[in-house]
Amino acid sequence: MAGSALTAGFGALGLSSSVLLAQEGSVLRARIQRDMEVLDPAYMIGAQEMAIQYATMPRLAELDLSGDAVTWKPSEFVTRLELASPTRIEFDLKPGLTWSNDYGEVTAEDVVYSYTRQLEGDWAKRWAAMESIEVTGTHSGAIILKHAYAPFMTVTMCTGVATVVCKAAVEELDEKRFTLNVPATCGPYYISEHIQRQKLTLSANPDWSGTPADFTEIECIVVEDGNAGELAFEAGEIDITKIESASIPRYEENPPENAGIFVAGNLQYAWVGMNTEHPKLQDIRVRQAIQRAINTDSIRQIAFKGVAAEAHGIVPPGILGSRKEHGYAYDPKAAKALLAEAGVEDLELSIVTINNNRERLLAAQIMQQNLAAIGVTLNIQPLESGQFWGYGRESKGDAWKDSQLWIMRFGGNVDPSDYFQWFISEQKGNWNWERWTDEEFDTLYTKALELTDEEERREIYMRLQEIMESTGAYIWLNHEPEAFLYSKSIEPAVDPTGVYLFADIAPA
């Protein structure tokens, strides 16, 4: 690809070529898919923001990716993190770790403050099992759980919500919260620059006394379009980028010079959702007809080049509660019969999807053909990322009132509880865009959080997916791999959810 063509492409994206050109020295250039928004652990957006939190702020635990099963291990910020009993987690912070901006040493008071404020934040559900947290010394404390809670260490303690903030620095803020202006940091890197919609730069922290940073700078470069990100990598302007599923076979067969492919995990889940309250979709027979009219096998083979795993629900293969089959099948004849039974003719619907994802746009076109075969007209509405993610949320406007169908993809964690939290009743109008509620679903979801017996939890998570499917509001699409293209000049490090582990990425 000629440099001039790339420059023109990035210009169309609002990026100047000077932003993307390689820098001299030990600089890592990592593509991110959208601009960073909120780094405050209690109010974060999640996903890529966690990569910045992990590099710039303390945490007590992190995922252990060294074995066949993903578990947890103490972080570099502690000398001890121990399950003293099923309901008591004790920690000892490493002495001598200091906050930036002269806020002094990281202490147990900071940990208690950070986790207590989570109970009033946007991620309070992740902390529902915590009874209290106490300081037992300057650097030591204990987290007390209400009951034994199996996923607490992996889903809560190993994710961004357990990032520790500086109590003194946050308390000085007018609203006691922050977005990208982190008031005090402690980690191998600090945020040295943010250019809106272009990049966020991390620089090595000269005051960090832990394992030294491997790069003087890490540039997190915003390239929303997956194809543009791959072109930037091929041009040598980015060192690591997530790639689309459809690109994996091409790169495996003919990789760029000095490049490798790294699959971090398979924890995504994608589906077609339907608004059960929309007048055109209120009759469950219409929703069931659409379920049976869509050929998901064709979508996986054509749009996703056969690399995405078949989905039978929202729990990916290998995770507790994953299903091996689901309760409907591609059957256009049955779909026509359901529409006739419902007395529906000349149905016209719309589906929205993100405009910069080629696979999902192609999937929508296949769905359009599938539905045409049963006499349903499907209009495709591509939306830019910000508009899409607010589409079904009541807090973002009235678009949800007209919503009909959408292609959705969420990312999960290594514990199944993480997958179901978005569909409980209180999420209706927030992330439960399908807008159904079910008392049994809510009860079982809460019950599973309190269980430690794996078989009991498995049965509940299987049942929860049956309940979701019985609404007729879901068509399971696939589980895409989190695949990254990287320069062999570096050793990549990405967790199973696709989050960069910047502190662990090193020169090869």
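Here goes a summary of the coordinates provided. (Residues numbered from 1 in each chain as written. Predicted model: local features only at pLDDT ≥ 70, side-chain atom pairs only at ≥ 80, totals over all residues. Heavy atoms only, no water.)

## Here's the deal with the overall build of the chain
Each helix and strand in the chain was counted, giving 16 helices and 21 strands. Relative to the compact-globule value of 23 Å for 508 residues, the chain shows a C-alpha radius of gyration of 23 Å, a close match. On the principal axes, the C-alpha backbone points of the chain span a range of 70 × 60 × 45 Å. Scored against the burial criterion, the 508 residues of the chain give a buried share of 56%. Excluding contacts between residues fewer than 6 apart, the proportion of contacts in the chain whose partners are at least 24 apart in sequence is 69%. Here the chain has roughly 20700 Å² of accessible surface; of this, 45% comes from carbon and sulfur atoms. (Helix = DSSP H or I, 4+ residues; strand = E, 2+ residues; numbered from the N terminus. Rg over C-alpha atoms; globule rule 2.2 N^0.38 Å. Buried < 20%, exposed > 50% of the residue type's maximum accessible area, 1.4 Å probe, protein only. Contact = heavy atoms within 4.5 Å. Areas by Shrake-Rupley, 256 points an atom, 1.4 Å probe, with all protein chains shown as cover.)

## Details of the packing of aromatic side chains
Evaluation of the coordinates by the stated rule reveals 28 aromatic pairs. Ring geometry for Trp123 and Trp422: centres 6.0 Å apart, planes at 90°, overall edge-to-face. Placement of Trp123 in the loop between α4 (108-117) and β6 (130-135) and of Trp422 in the loop between α14 (417-420) and α15 (439-449) is noted, with a sequence separation of 299 residues between them. An identical accessibility class is assigned to Trp123 and Trp422; each is buried. Between Trp431 and Trp433, the aromatic rings sit 6.3 Å apart at their centres with planes inclined by 15°, giving stacked as the arrangement. The side chain of Arg59 reaches across the aromatic face of Tyr54, ending 3.7 Å from its centre. Between the NZ or CZ atom of Arg177 and the centre of the ring of Tyr43, over which it lies, the distance is 3.6 Å. (Phe/Tyr/Trp six-rings, centres within 6.5 Å; stacked < 30°, edge-to-face > 60°. Lys NZ or Arg CZ within 6 Å of the ring centre and 35° of its normal.)

## What about α4?
When you tally the buried positions in α4, you get 8 out of 10 residues, the bulk of the element. Burial in α4 covers these residues: Ala108, Asp110, Val111, Val112, Tyr113, Ser114, Tyr115 and Arg117. For α4, the secondary structure elements touched by its buried residues are β5 (88-93), β6, β7 (140-145), α5 (152-157) and α6 (167-171).

## Section: the nonpolar core
Judged by nonpolar contacts, the single largest core of 144 residues is most densely connected at Tyr115, Phe423 and Phe502. Membership of the second largest hydrophobic core comes to 7 residues, among which are Phe233, Ile248, Ala259 and Ala483. (Core = buried A, V, L, I, M, F, W, Y, C linked by side-chain atoms within 4.5 Å.)

## Digging into the packing of helix α9 (residues 284-293) against helix α11 (residues 332-342)
Packed helix pairs are specified by the crossing angle of their axes together with the interaxial distance, meaning the distance between the axes. Between α9 and α11, whose axes approach to 8 Å, the crossing angle comes to 165°. Our classification of the angle between α9 and α11 gives roughly antiparallel. α11 is crossed by α9, and the crossing has left-handed handedness. Contacts between α9 and α11 involve Arg285, Val286, Gln288, Ala289, Arg292 and Ala293 on the former and, on the latter, Pro332, Ala334, Ala335, Leu338, Leu339, Glu341 and Ala342. Residues belonging to the contact of α9 with α11 are distributed by class as follows: 9 nonpolar, 1 polar and 3 charged. (Axes fitted to C-alpha atoms, helices over the stretch in contact; angles between N-to-C directions. Parallel < 35°, antiparallel > 145°, perpendicular 65-115°, else oblique. Left-handed = near helix turned anticlockwise from the far one by under 90°. Nonpolar A, V, L, I, M, F, W, Y, C, P; charged D, E, K, R; others polar.)

## Observations regarding the sheet that holds β7
Ordered by their spatial adjacency, 4 strands build an open sheet running β4-β5-β7-β6, and the pairing between neighbours is antiparallel. Of all strands in the sheet, those bounded by a partner on one side alone are β4 (78-85) and β6. Taken over all neighbouring pairs, the strand axes of this sheet differ in orientation by 15° on average, direction set aside. As defined by bridge partners, β4 adjoins β5 across 6 bridges and the pair is classed as antiparallel. Within β5, the position partnered with Leu83 by the bridge is Ile89. Of the strands in this sheet, β5, β6 and β7 are in contact with α4, which crosses β6 at around 160°. (Pairing = 2+ DSSP bridges.)

## A look at the pairing of strand β15 (residues 348-354)
The buried fraction of β15 is high, at 6 of 7 residues. Bridge analysis of β15 against strand β16 (residues 377-383) gives 7 bridges, and the strand direction is parallel. Across the sheet, the residue bridging to Leu349 is Leu378, located in β16. Read from β15 through helix α12 (residues 358-372) to β16, the crossover connection turns out right-handed. Sheet topology places β15 next to strand β17 (residues 405-411); 2 bridges connect them, and they run parallel. (Right-handed = clockwise from strand over helix to strand, strands pointing away.)

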